[in-house]
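One letter stands for each residue in the lines below.
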Amino acid sequence: MRILALGAHPDDIEIFMFGTMAAYAAQGAELTFAVATDGARGGKGDPAALARARREEACGAAALLGATPRFLDFPDGALVADAEMIATLKALVGEIGPDLVITHAPNDYHADHRALSDGVRIAASFRVPVVHADTMGGTGFSPTHYVDISTHAAIKAEAIRMHRSQAPEQYVDRARIQNEFRAGQCNGVAGSLAEAYRFEPTFPFADIRALLPPAPPLRPVMPNPSTVVQAG
């Protein structure tokens with residue numbers, strides 16, 4: 001299976017979908033991580049130097065899973081779903097031939113995320129189904145699918161920490177809290193972690209569950225009577 005993950009900035013794949021990428025890697029999938037912008041506005045100092053540093057950080061994170069990194073190098077903070085971006089995305093999809101594309105939700109918090117989401121949807125067209133990753137903090141996001149990342153939490157945190165220029169501990173903490181919540185939301189067993197996704201069926205793609213790694217195991221809805229301690 002070939003999976004194309006598209007993030008607007010050099011650390012977005014790690015924050016929003018790296019656990020799922022690790023699950024795919026464990027299944028033997030071929031992974032391509034594409035970063036839309038150069039990340040030059042993600043901090044202070046010389047933009048060119050920051051862009052170089054962030055590319056190196058993204059390469060280090062991708063290497064944890066043996067993924068192929070691709071950099072589209074659009075200007076950070078100015079991403080627009082125009083003809084140039086859509087043509088670039090169409091060429092990328094055509095070259096890789098993915099079975100599934102995962103990118104940002106169309107209502108995510110950052111304008112670059114929203115623009116990339118729009119561009120990917122147009123570029124994918126009838127070629128490949130597109131799944132949207134969770135938003136920052138889960139705001140305004142209604143999942144349709146969940147992926148169990150319980151055994152991949154450590155490598156996800158390691159990948160986020162690769163982005164040293166971005167004060168990564170805040171994102172490690174945010175991701176952990178959100179992944180715990182999403183596991184609880186889908187009634188995962190105690191201690192499980194999940195990343196959440198939304199799929200909008202669009203002809204000819206109606207059902208993509210078989211293309212995703214499994215969801216967390218479910219906890220029993222009713223307690224086992226033998227484990228219930230009687231009062232008194």
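Data block above holds the structure.
In this text, all values refer to a predicted model and were calculated from it rather than measured experimentally.

## What about the pairing of strand 2 (residues 30–37)?
- Buried residues dominate strand 2, accounting for seven of its eight residues.
- Pairing of strand 1 (residues 2–7) with strand 2 involves six bridges; the strand directions are parallel. Counted as the bridge partner of Leu 4 is Thr 32 from strand 2.
- The handedness of the strand 1 to strand 2 crossover, carried by helix 1 (residues 12–26), is right-handed.
- For the crossover from strand 2 across helix 2 (residues 47–63) to strand 3 (residues 68–74), the handedness is right-handed.

## Brief notes about the nonpolar core
- Core analysis: the largest hydrophobic core is formed by 37 residues, its most contacted members being Met 21, Tyr 24, Leu 31, Phe 33 and Ile 102.
- Elements supplying a minimum of two residues to this core: strand 1, helix 1, strand 2, helix 2, strand 4 (100–103), strand 5 (130–133), helix 5 (153–161) and helix 6 (169–185).
- It is helix 1 that provides the largest number of residues to this core, a total of eight residues.
- Setting aside its immediate chain neighbours within four residues, Met 21 contacts Ile 3, Ala 5, Ile 13, Leu 31, Phe 33, Leu 65 and Ile 102.
- Counting 22 residues, the second-largest nonpolar core is a separate cluster that includes Ala 34, Ala 115, Val 120 and Val 130.

## A short note on the packing of aromatic side chains
- As enumerated under the stated definition, the model contains one aromatic pair in all.
- Measuring from centroid to centroid gives 6.1 Å for Phe 18 and Phe 33, while their planes differ by 70°, and the two rings are edge-to-face. Linking Phe 18 in helix 1 with Phe 33 in strand 2, this pair joins segments that are 15 residues apart in sequence. We note that Phe 18, like Phe 33, is buried.

## What to know about the pairing of strand 3
- As paired elements, strand 2 and strand 3 share five bridges and run parallel to each other. Note on strand 3: the bridge partner recorded for Phe 33 is Pro 69.

## Brief notes about the sheet that holds strand 7 (residues 194–198)
- What the seven strands build is an open sheet, ordered 3-2-1-4-5-7-6; its pairing is mixed. If you trace the sheet from one side to the other, it starts and ends with strand 3 and strand 6 (145–148), each paired once. Averaged over neighbouring strand pairs, the angle between their axes works out to 25° when direction is ignored.
- Of the pairings in the sheet, the one linking strand 6 to strand 7 comprises four bridges and is antiparallel in character. Each bridged residue has a counterpart across the sheet, and for Val 147 the counterpart in strand 7 is Glu 195.
- Strand contacts of helix 3 (residues 83–96): strand 1, strand 2 and strand 3, with the helix running at about 165° to strand 3, the strand carrying the most contacts.

## Details of the pattern of salt bridges
- The full count for this structure, using the stated rule, is eight salt bridges.
- Across the salt bridge formed by Arg 55 and Asp 73, the nearest N and O atoms sit 2.6 Å from each other. In this pair, Arg 55 sits in helix 2 while Asp 73 sits in strand 3, placing the two residues 18 residues apart along the sequence.
- Relative accessible area serves as the criterion here: at 34%, Arg 55 is assigned to the partly exposed category.

## Examining the environment of Arg 219
- Looking at where Arg 219 falls in the secondary structure, it is placed in the segment after strand 7.
- Remark: the alpha-carbon pair of Arg 219 and Phe 71, spanning 148 residues in sequence, is separated by 41 Å.
- Not counting residues up to four positions away in its chain, the partners in contact with Arg 219 are Asn 187, Gly 188, Val 189 and Ala 190.
- In terms of polar contacts, Arg 219 uses its side chain to reach the backbone carbonyl oxygen of Gly 188, at 3.0 Å.

## What about unusual backbone geometry?
- In this structure, the amide linkage connecting Phe 203 to the following residue, Pro 204, adopts the cis form with an omega of 10°.
- Relative to the helices and strands, Pro 204 resides in the segment after strand 7.
- A positive phi angle, near 60°, is found at Asp 73, a position not held by glycine.
- In this structure, Ser 125 is a non-glycine residue whose phi angle is positive, near 45°.
- In this structure, Ser 125 sits in the loop between helix 4 (111–124) and strand 5.
- Residue Ser 125 is classed as partly exposed on the basis of its relative accessible area of 43%.

Rules of the game
- Residues numbered from 1 in each chain as written.
- Predicted model: local features only at pLDDT ≥ 70, side-chain atom pairs only at ≥ 80, totals over all residues.
- Heavy atoms only, no water.
- Buried < 20%, exposed > 50% of the residue type's maximum accessible area, 1.4 Å probe, protein only.
- Helix = DSSP H or I, 4+ residues; strand = E, 2+ residues; numbered from the N terminus.
- Pairing = 2+ DSSP bridges.
- Right-handed = clockwise from strand over helix to strand, strands pointing away.
- Core = buried A, V, L, I, M, F, W, Y, C linked by side-chain atoms within 4.5 Å.
- Contact = heavy atoms within 4.5 Å.
- Phe/Tyr/Trp six-rings, centres within 6.5 Å; stacked < 30°, edge-to-face > 60°.
- Axes fitted to C-alpha atoms, helices over the stretch in contact; angles between N-to-C directions.
- Salt bridge = Lys/Arg side-chain N within 4 Å of Asp/Glu carboxyl O.
- Polar contact = N/O pair within 3.5 Å; in protein donor to acceptor, adjacent residues only side chain to side chain.

Purely geometric stuff here, so don't read any function into it on its own.
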